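Here are the chains, one letter per residue:
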Amino acid sequence: MTVPNHVAIILDGNGRWAKRKGMPRSYGHVKGCENLEKVCSVAKELGVKYLTVYAFSTENWKRSKEEVDSLMKLFRNYMKKCLKIAKENRMRVKIIGDPSAFDLDLQEKIKELEVYSAQFDELHFQIALNYGSRDEITRAVRQMGEDIQKGVLDPKQIQEDTISSYLDTRELPDPDLLIRTSGEERLSNFLMWQLAYTEFYFTDVPWPEFDKAEFEKAIAKYNQRDRRYGGVKEE
Ligand code: IPE
Ligand code: IPE
Ligand code: MG
């Protein structure tokens, strides 16, 4: 069985899962966050080297103030807790997205976690926070424009790799497998450039219930895929 080198997950369904249990959406986020901890160690155990999760999109600010506040509180606690998780899994944590929209104390906690965990490299764990693919590409184009003005970048030299190097995911390999939980089958503005040749796996299982067995099912399905990258398969 081939284990995908880089797995990206759109962790969806926390709210609906909680609602079905007669609980508030914020309870779903708490349980979803606890599950993230488990899934990190499962990923490591299975031999996945890169794990990237979508936790808060640039569009998620549209949710009620109550829900956004509860998510921010959760992220604050999680950044602290993640120092321990990083050590246990020997994982390097990186935030992708634009953290500048967050309160300063949360931005500092993010920095602290990234700096602390930079010593590890057994699992590379990326958390997409205030992330949107269109926003990422917009920021990259803006930066490229500035670099052209400064004379650091020559427009004639721009290749696909140049663009990749301006994205938040620079230095990361593209995902091999994308998983989205809870039944929706869309990208919701996640990694549009990076997922160009990624295999997609959708499951009805809500994120708080996505466990090792489900992860293995996704990998088994991935193994049935015939990846071609536009080429022709040699028989
Ligand atoms: C995913 O669960 C977590 C975030 C987007 C923060 P949702 O909150 O989207 O849960 P559903 O999709 O409404 O059930
Ligand atoms: C995508 O889920 C974003 C995250 C999982 C963070 P959403 O629940 O926000 O996406 P839509 O609104 O259903 O497309
Ligand atoms: Mg959702």
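Everything numeric in this text was worked out from a predicted model, so none of it was measured.

Section: the overall build of the protein chain
Within the protein chain one finds seven helices and six strands. In sequence order, the protein chain lays out its α and β elements as β-α-α-β-α-β-α-β-α-α-β-β-α. Computed over its C-alpha atoms, the radius of gyration of the protein chain comes to 18 Å, within 12% of the 18 Å expected for a compact globule of 235 residues. When the backbone C-alpha atoms are referred to their principal axes, the protein chain occupies close to 60 × 55 × 35 Å. Residue burial in the protein chain is summarised as follows: out of 235 residues, 45% are buried. Once local pairs closer than 6 in sequence are excluded, the contacts in the protein chain between residues at least 24 apart make up 75%.

What about helix α7 (residues 212–224)?
In an α-helix, one turn spans 3.6 residues; hence positions three or four apart end up facing the same way. In a regular helix each residue adds 1.5 Å, so 13 residues correspond to 18 Å; α7 covers 19 Å between its end C-alpha atoms and thus fits that length. For α7, every residue scored as buried is listed here: Glu214, Phe215, Ala218, Ile219 and Tyr222. Projection of α7 onto a plane perpendicular to its axis shows the buried side chains occupying an angular sector of 140°, all on one side. Residues of α7 that are buried in the fold lie against β1 (6–10), α2 (25–46), β5 (177–180) and β6 (199–202).

Things to note about the side chain of Asp176
By the element assignment, Asp176 lies in the loop between α6 (160–166) and β5. Given the relative accessible area of 14%, Asp176 is considered buried. Among the polar contacts made by the side chain of Asp176, one reaches the main-chain amide nitrogen of Asn5 at a distance of 3.2 Å. When neighbours within four sequence positions are excluded, Asp176 is seen to be in contact with Pro4, Asn5, His6, Thr198, Glu199, Tyr222 and Arg227.

So, how was this worked out
- Residues numbered from 1 in each chain as written.
- Chains lettered and ligands numbered in written order.
- Predicted model: local features only at pLDDT ≥ 70, side-chain atom pairs only at ≥ 80, totals over all residues.
- Heavy atoms only, no water.
- Helix = DSSP H or I, 4+ residues; strand = E, 2+ residues; numbered from the N terminus.
- Rg over C-alpha atoms; globule rule 2.2 N^0.38 Å.
- Buried < 20%, exposed > 50% of the residue type's maximum accessible area, 1.4 Å probe, protein only.
- Contact = heavy atoms within 4.5 Å.
- Expected span 1.5 Å × (residues − 1).
- Arc of directions from axis to C-beta.
- Polar contact = N/O pair within 3.5 Å; in protein donor to acceptor, adjacent residues only side chain to side chain.

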